[in-house]
Amino acid sequence: MTVDRTADAGTGNSLDLDDASPLGSEAASASAQPGTARTATAPALEFRPGRWIANWDAENKEQWESAGRSIARRNLNWSIFAEFLGFVVWQLWSIVVVQLPAAGFTFSTSEIFWLISMPSLVGATLRIPYTFMVPRFGGRNWTIVSALLLLIPSIGLALCVSNPETPFGVMLLVAALAGFGGGNFASSMANITFFYPAREKGWALGLNAAGGNLGAAVAQLAVPIVITLLAAGTVNLPMAGLMWVPFILLAAFGAWKYMNNLTNAKGDVAGSVAALKEPHLWIMALLYIGTFGSFIGFAGVFPKLIKDYFPEFSTIGVGTVALSLAFLGPLVGSLARPYGGRMADRMGGARMTVSAFASMAVITLTMIWTLPLKNFWLFLALFLMLFTASGFGNGATYRMIPVIFATNSRAARKGASSVATQRLASSALGLISAIGAYGGFLIPQVLNASNTASGSYTPAFYGFVAAYALMLLVCWACYIRNANRNAMGHV
């Protein structure tokens, strides 16, 4: 993987200098300490046809201050915009499906959940190959292609929902294509990594990832309003996809006109293969499914849960207001993530992760036990607390990864160099972010199975509580108890 100190898949935060782990300067760069830069004269930047740049060296202070900073910031701005739209498209079906009955569709609850979960399944899978597209084709070139690919699911959605006779198989295929938006995160993060020096990389990646998370929240806020309130008392579902087409075209044009490719962008397949052999990768992937997977999974099903638990909001006017409030979930979860990282620095990532899982279990139980009250505002408040806890957990678990690979991986215990363990950590961050995104598929499918078997979502929520308890125990056993026994350090 080429992603260095990456932010994640769903949530929008990096290991910036303020949130730095004990890996710190060791992981920042193979050749430079954070906050330092090489001052030796570097070869002049060479601008080649196709907006390629040769001799890029962000660590060279002279080059960075004279031309590099402005070039990097311009590329970052357009990368943020493109990734924002990727998350918008990734979340569209979670919003549209709750309005399908009003548009004349008669899909079963099981089919609805498949339409919600399929984009996450495809998006999570695409994150791994998308990471290697930047070294293969160039960051600017791939941003153009990946942005234009968003036109397919956007226009496809508009065509499908305009005809209630559209077969479910066709709808499912178009929903799967929305996974293009989920894959964009990985390539965008990989691209921006090459542009910034180690001392500013955390901040740049944090901004880039935050733009993506904002897309999920904005889509859940804007789409219900556009398709209902602006449709004179009807439901204009095709607008859910068409409203984003001009912005997608603008993003592609901006990437073509203003972004650059770097000749020194190289992939790290060997680092990814080595990371897969580390047991800690799979342990942390499990924990990350519990934190980020809960965040992205509940973001996808939140509108439908509101619709199902509070059917009185089926009226277009009232329902639109209630469904638009679903955007608060991904918003508060995203905002909570950096604070989870900061608190992890103070009390340890493992302890913070254990606290997050405990909170998520208690909140979920409280939500289950208060459902008979049928109080929408209480339901909303508890779910926002659940999103917040998952956000804290996201920051804490991601903070743990570079620390673990620097100090406790098999390579580190065998005396591997800091460069080698940094490569493992960088690759692990990308792989774990992809695996965690599968939570967006698992949570809707577990809710679907629960509803099919019992006619209720309650067994699924009890299952989530059990999963949080299990992950709490795994985290405690591997990174708190063993740390105390083996002097593993502050994880």
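Note that the coordinates shown come from a computational prediction; the quantities given were computed from them, not determined experimentally.

Caption draft 1: Fine view of helix 6 (residues 151-161). The element helix 6 is extensively covered by neighbouring structure, given that eight of its eleven residues are classed as buried. Regarding helix 6, the residues found buried are Leu 151, Pro 153, Ser 154, Gly 156, Leu 157, Ala 158, Cys 160 and Val 161. Check the buried side of helix 6 and you find it contacts helix 2 (61-96), helix 5 (139-149), helix 7 (168-177), helix 8 (179-195), helix 10 (239-242) and helix 11 (245-258).

Caption draft 2: Representation of the pattern of salt bridges within the structure. Considering all chains together, one arrives at three salt bridges under this definition. With a closest N to O distance of 3.1 Å, Arg 48 and Glu 46 form a salt bridge. Classification of Arg 48 by relative accessible area gives partly exposed; the value is 38%. Residue classification places Glu 46 among the partly exposed positions, given a relative accessible area of 37%. Linking Asp 308 and Lys 304 is a salt bridge whose minimum nitrogen-to-oxygen distance equals 3.0 Å. Taken together, the residues span about one helical turn, with Asp 308 and Lys 304 both in helix 13 (residues 279-309) at a distance of four residues. Given a relative accessible area of 8%, Lys 304 falls into the buried group.

Caption draft 3: Just the nonpolar core, in detail. Counting residues in each nonpolar core, the largest one holds 132 residues, and the members touching the most others are Trp 56, Leu 100, Phe 298, Phe 379, Phe 383, Leu 447 and Phe 461. Residue-level mapping places this core at the junction of two domains, with at least three residues from each of domain 1 (51-267) and domain 2 (268-490). When near neighbours in sequence (up to four residues on either side) are disregarded, Phe 383 contacts Phe 298, Phe 302, Leu 305, Met 367 and Phe 461.

Caption draft 4: Geometry of the packing of aromatic side chains. Inspection of the entire model under this criterion finds 33 aromatic pairs. Residues Phe 298 and Phe 383 carry aromatic rings whose centres are separated by 5.5 Å and whose planes lie at 85 degrees to one another, so their mutual orientation is edge-to-face. Taken together, the residues span a long stretch of sequence, with Phe 298 in helix 13 and Phe 383 in helix 17 (residues 376-407) at a distance of 85 residues. Of the residues examined, Phe 298 reaches a relative accessible area of 2% and is grouped as buried. Relative to Phe 376, the ring of Phe 310 has its centre 5.4 Å away and its plane inclined at 90 degrees; by these criteria the two rings are edge-to-face. Residue Phe 310 is found in the loop between helix 13 and helix 14 (316-324), and its partner Phe 376 is found in helix 17; the two are separated by 66 residues along the sequence. In this pair, the class of Phe 310 matches that of Phe 376, namely buried.

Caption draft 5: Spotlight on the sheet that holds strand 3 (residues 261-262). The three strands are arranged 1-2-3 in an open sheet whose pairing can be described as mixed. Of all the strands in the sheet, the pair left with one neighbour each is strand 1 (46-48) and strand 3. Of the pairings in the sheet, the one linking strand 2 (residues 52-54) to strand 3 comprises two bridges and is parallel in character. Considered in strand 3, the bridge of Ile 53 is made with Leu 262.

Caption draft 6: Main features of helix 20 (residues 439-454). The end-to-end C-alpha distance of helix 20, which contains 16 residues, comes to 22 Å, matching closely the 22 Å that a straight helix rising 1.5 Å per residue would cover. For helix 20, the full list of buried residues reads Gly 439, Gly 440, Phe 441, Ile 443, Pro 444, Gln 445, Leu 447, Asn 448 and Ser 450. A positive phi of about 75 degrees marks Gly 455, the residue just after helix 20.

Caption draft 7: Structural context of the environment of Met 239. For Met 239, the location among the structural elements is in helix 10. As a C-alpha pair, Met 239 and Ala 158 span 81 residues in sequence and 6.7 Å in three-dimensional space. Beyond its immediate chain neighbours, meaning those up to four positions away, Met 239 contacts Val 226 and Ile 227.

Caption draft 8: Fine view of the packing of helix 2 against helix 3 (residues 109-131). Closest axis-to-axis distance for the helix 2/helix 3 pair is 7 Å, and the angle between their directions is 150 degrees. On the basis of their axis angle, the class for helix 2 and helix 3 is roughly antiparallel. Each of Phe 87, Trp 90, Trp 93 and Ser 94 in helix 2 lies in contact with helix 3, whose residues at this interface are Leu 115, Ile 116, Pro 119, Ser 120, Gly 123, Ala 124 and Arg 127.

Caption draft 9: Here's a closer look at the environment of Ser 433. Structurally, Ser 433 can be placed in helix 19 (residues 418-436). For Ser 433, a relative accessible area of 5% corresponds to the buried category. Taking C-alpha positions, Ser 433 is 9.3 Å from Ile 128, a pair spaced 305 residues apart along the chain.

Caption draft 10: Spotlight on unusual backbone geometry. Positioned with a positive phi, Asn 55 is a non-glycine residue whose angle comes to about 70 degrees. Tracing the sequence through the fold places Asn 55 in the loop between strand 2 and helix 2. One non-glycine residue, Lys 374, lies in positive phi territory at about 50 degrees. Summarising the element assignment, Lys 374 is placed in the loop between helix 16 (349-370) and helix 17. We classify Lys 374 as exposed; its relative accessible area is 62%.

Caption draft 11: Looking closely at a positive patch on the surface. Taken together, the side chains of Lys 277, Arg 410, Arg 413 and Lys 414 define a basic patch exposed on the protein surface. You can see Arg 413 is positioned in helix 18 (residues 410-413).

Calculation rules
- Here the residue numbering is sequential within each chain, running from 1 through the sequence in written order.
- Reporting of local features is limited, given that this is a predicted model, to residues whose pLDDT is at least 70; pairs of side-chain atoms are given and counted only at 80 or more, and all residues count toward the totals for whole chains, interfaces and linings.
- With hydrogens and water set aside, each side-chain value is computed from the structure's full complement of heavy atoms.
- A 1.4 Å probe rolled over the protein chains alone gives each residue an accessible area, and that area as a share of the maximum for its type sets the label: buried under 20%, exposed over 50%, partly exposed in between.
- Each helix is a run of H or I in the DSSP string that is no shorter than four residues. Each strand is a run of E no shorter than two, and both are numbered from the N terminus.
- Two residues qualify as a contact provided that any one of their heavy atoms is within 4.5 Å of a heavy atom in the partner residue.
- By convention in these notes, a salt bridge is any Lys or Arg side-chain nitrogen within 4 Å of a carboxyl oxygen on Asp or Glu.
- For this analysis, a nonpolar core means a set of buried residues of the types Ala, Val, Leu, Ile, Met, Phe, Trp, Tyr and Cys, connected via side-chain atoms within 4.5 Å.
- Where each domain begins and ends follows an automated or database-derived domain assignment.
- By convention, a stacked pair of Phe, Tyr or Trp rings (six-membered ring in the case of Trp) has centres within 6.5 Å and planes under 30 degrees apart, an edge-to-face pair has planes over 60 apart, and any other such pair is tilted.
- Only strands joined by at least two bridges in the DSSP assignment are considered to pair.
- Take the number of residues in a helix, subtract one, and multiply by 1.5 Å to get its expected span.
- Axis geometry follows a simple rule: fit a line to the C-alpha atoms, using only the stretch in contact for helices, then measure angles between N-to-C directions, giving values from 0 to 180 degrees.
- Each angle receives one of four descriptions, namely roughly parallel if under 35 degrees, roughly antiparallel if over 145, roughly perpendicular if within 65 to 115, and oblique otherwise.
- Like-charged residues are merged into a patch within 9 Å and nonpolar side chains (Val, Leu, Ile, Met, Phe, Trp, Tyr) within 5 Å, provided each residue has over 30% relative accessible area and no salt bridge.
- Working definition of accessibility: Shrake-Rupley area with a 1.4 Å probe, residue cover restricted to the visible protein chains.
- His is not counted, nor are the chain ends, whereas Lys and Arg count as positive and Asp and Glu as negative.
- Working definition for charges: the position is that of NZ of Lys, CZ of Arg, CG of Asp or CD of Glu.

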